[in-house]
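A structural walkthrough
Listed below are the residues making up each chain.
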Amino acid sequence: CQCLFGYSSEYSSDGTMVCNACDTNLYKSEVGDGQCLECPLNSYYGGYAATALGMCQCNPGYTGENGICTICPAGKYKAGYGNASCEDCPANSHSTRGSLGVEMCSCNAGATAQNDLSCKLCEAGKYKSANGSHTCTNCPPGKHSGGTGRTNITACLDCPQDTYSSTDHSFCHACPLDSRSSSSSEALTDCVCNVGYTGDDGGFCTACAAGKFKGTNGSSSCTKCPANAYSPDGSTLQVNCSCNKGF
């Protein structure tokens with residue numbers, strides 16, 4: 001008598017042969033007195049009396065056939081036992097080799113996690129310099145970035161002179177007419193009236209009326225020309241004040 005597939009032989013003290021089912025993670029693919037063999041590395045069979053090498057299934061994080069299992073590469077995962085292929089991590093995410101599930105895929109730099117485990121590119125005006133689920137960071141005040149998925153603070157550029165950064169730091173607003181700002185300005189109120197104009201910071205600027213002048217930027221009032229002198233609209237210096245006829 002010979003033991004069937006999936007059974008190995010054992011002899012009792014009186015010389016009687018007994019056929020025992022191969023235990024978990026073991027198989028026997030031949031009829032005879034041979035012993036059960038262990039499933040290859042990185043594979044497993046959870047039942048009993050396995051009759052073929054092909055019944056050994058690759059572990060989570062590994063893929064292959066007939067017990068020849070290779071590790072899932074970086075950027076992929078496999079959640080269960082079996083010979084299925086490794087699956088790609090969701091867009092804008094990555095994983096280490098041998099990952100066991102989608103939850104091991106972490107968002108790339110420049111992307112942040114959503115409630116559904118997806119990863120969304122950082123919006124314009126934000127950046128994220130490391131892998132992981134943490135949120136994107138706003139560009140510093142007075143700076144902006146115009147594209148999505150930025151990975152470094154160096155993508156945040158200074159708003160140029162005569163502009164100021166938008167609330168979401170995605171672009172720079174132009175200052176109102178006849179006003180100016182320094183570079184890296186962060187608010188509308190950083191826009192101040194030009195010389196020869198007056199008004200509130202960030203507001204409407206009007207030219208100094210005839211007979212007045214203003215030589216500095218800002219919200220200060222226009223100054224009257226000296227007595228018996230006159231200047232045209234928008235004058236910027238006292239020297240623009242000319243003596244009236246007869247003086």
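Described in the following lines is the structure provided in the data block. Keep in mind the model is a prediction, meaning the values are calculated, not measured. (Residues numbered from 1 in each chain as written. Predicted model: local features only at pLDDT ≥ 70, side-chain atom pairs only at ≥ 80, totals over all residues. Heavy atoms only, no water.)

**Side note on the overall build of the protein**
- If you tally the helices and strands in the protein, you get 0 helices and 28 strands.
- In terms of overall size, the protein is more extended than a compact globule, its C-alpha atoms giving a radius of gyration of 39 Å where 247 residues would be expected to give roughly 18 Å.
- Counting only C-alpha atoms and orienting by the principal axes, one finds that the protein spans roughly 145 × 20 × 20 Å.
- Residues classed as buried in the protein amount to 36% of the 247 residues present.
- Taking as baseline every contact in the protein between residues at least 6 positions apart, the subset at least 24 positions apart corresponds to 27%.
- With an accessible surface of roughly 13,800 Å², the protein has 52% of that area assigned to carbon and sulfur atoms.
- Each charge sign in the protein was given a centre, from 14 positive and 21 negative side chains, and these centres are 19 Å apart. (Helix = DSSP H or I, 4+ residues; strand = E, 2+ residues; numbered from the N terminus. Rg over C-alpha atoms; globule rule 2.2 N^0.38 Å. Buried < 20%, exposed > 50% of the residue type's maximum accessible area, 1.4 Å probe, protein only. Contact = heavy atoms within 4.5 Å. Areas by Shrake-Rupley, 256 points an atom, 1.4 Å probe, with all protein chains shown as cover. Lys, Arg positive; Asp, Glu negative; His and termini not counted. Charge placed at Lys NZ, Arg CZ, Asp CG, Glu CD.)

**Topic: the packing of aromatic side chains**
- Taken as a whole and assessed by the stated rule, the structure comprises 1 aromatic pair.
- Both rings, one in Tyr44 and one in Tyr81, keep their centres 5.8 Å apart while their planes meet at 40°; by these two values the pair is tilted. On the criterion of sequence distance, the pair formed by Tyr44 in strand 5 (residues 43-44) and Tyr81 in the loop between strand 9 (76-77) and strand 10 (87-88) is long-range, its members being 37 residues apart. (Phe/Tyr/Trp six-rings, centres within 6.5 Å; stacked < 30°, edge-to-face > 60°.)

**Notes on unusual backbone geometry**
- Despite not being glycine, Asn42 shows a phi value in the positive range, around 70°.
- Inspection of the secondary structure assignment puts Asn42 in the loop between strand 4 (37-38) and strand 5.
- If you check the backbone angles, Asp178 has positive phi at about 65° while not being a glycine.
- In this structure, Asp178 sits in the loop between strand 20 (172-174) and strand 21 (179-180).

**Looking at the pairing of strand 7 (residues 62-65)**
- Bridge analysis of strand 7 against strand 8 (residues 68-71) gives 4 bridges, and the strand direction is antiparallel. Across the sheet, Thr63 pairs through a bridge with Thr70, a residue of strand 8.
- Taken together, strand 7 and the strand that follows it, strand 8, pair antiparallel across an intervening segment of 2 residues, in which Asn66 is found at a positive phi of about 55°. (Pairing = 2+ DSSP bridges.)

**Observations regarding the pattern of salt bridges**
- Scanning the entire structure with this criterion turns up 3 salt bridges.
- Residue Lys76 is joined to Asp88 by a salt bridge in which the shortest nitrogen-to-oxygen separation is 2.4 Å. With Lys76 in strand 9 and Asp88 in strand 10, this pair connects stretches of sequence that are 12 residues apart.
- Looking at Asp88, the relative accessible area reads 53%, which means it is exposed.
- Put simply, Glu123 and Lys120 hold a salt bridge, and the shortest N to O gap is 3.5 Å.
- Residue class for Lys120 comes out partly exposed when judged on its relative accessible area of 42%. (Salt bridge = Lys/Arg side-chain N within 4 Å of Asp/Glu carboxyl O.)

**Observations regarding a negative patch on the surface**
- There is a patch of like negative charges on the surface, built from Glu186, Asp190, Asp200 and Asp201.
- Along the chain, Asp201 turns up in the loop between strand 23 (197-198) and strand 24 (206-207). (Patch = residues over 30% accessible without salt bridge, like charges linked within 9 Å, V, L, I, M, F, W, Y side chains within 5 Å.)

**A short note on the side chain of Ser235**
- Structurally, Ser235 can be placed in the loop between strand 27 (229-230) and strand 28 (242-243).
- Ignoring any residue separated from it by four or fewer positions in sequence, one finds Ser235 in contact with Gly196, Cys208, Lys212, Phe213, Lys214 and Asn240.

**What about the nonpolar core?**
- By size, the foremost hydrophobic cluster in this structure holds 5 residues: Tyr27, Cys39, Tyr45, Ala50 and Cys56.
- Once residues within four sequence positions are removed from consideration, Cys56 is found in contact with Tyr27, Cys39, Pro40, Ser43, Tyr44, Tyr45, Gly67 and Asn83. (Core = buried A, V, L, I, M, F, W, Y, C linked by side-chain atoms within 4.5 Å.)

**Description of the side chain of His144**
- When you line up the elements, His144 lands in strand 17 (residues 143-144).
- Residue His144 is classed as buried on the basis of its relative accessible area, which comes to 17%.
- Beyond its immediate chain neighbours, meaning those up to four positions away, His144 contacts Cys139, Ala155, Cys156, Leu157, Asp158, Cys159, His169, Ser170, Phe171 and Cys172.

**Looking at a nonpolar patch on the surface**
- A surface patch of nonpolar side chains, amounting to about 360 Å² of accessible area, comprises Leu4, Phe5, Tyr7 and Val31.
- Its place among the elements puts Tyr7 in strand 1 (residues 7-11).
- Overall, Tyr7 belongs to the partly exposed group, its relative accessible area being 31%.

**Some points on the state of the cysteines**
- For the structure shown, the criterion picks out 14 disulfides.
- You can see Cys243 has no disulfide; the closest cysteine sulfur is in Cys241, sitting 9.4 Å from it. (Disulfide = S-S within 2.5 Å.)

**What to know about the environment of Ala229**
- Within the element layout of this structure, Ala229 appears in strand 27.
- Sequence separation between Ala229 and Asn244 is 15 residues; the distance between their C-alpha atoms is 5.1 Å.
- In contact with Ala229, not counting residues within four places along its chain, are Cys241, Ser242, Cys243 and Asn244.

**Description of the environment of Gly64**
- Position of Gly64 among the secondary structure elements: in strand 7.
- In this structure, the C-alpha to C-alpha distance between Gly64 and Val192, residues 128 residues apart in sequence, is 69 Å.
- In this view, Gly64 contacts Cys58, Cys69 and Asn83; residues no more than four positions away in its chain are not counted.

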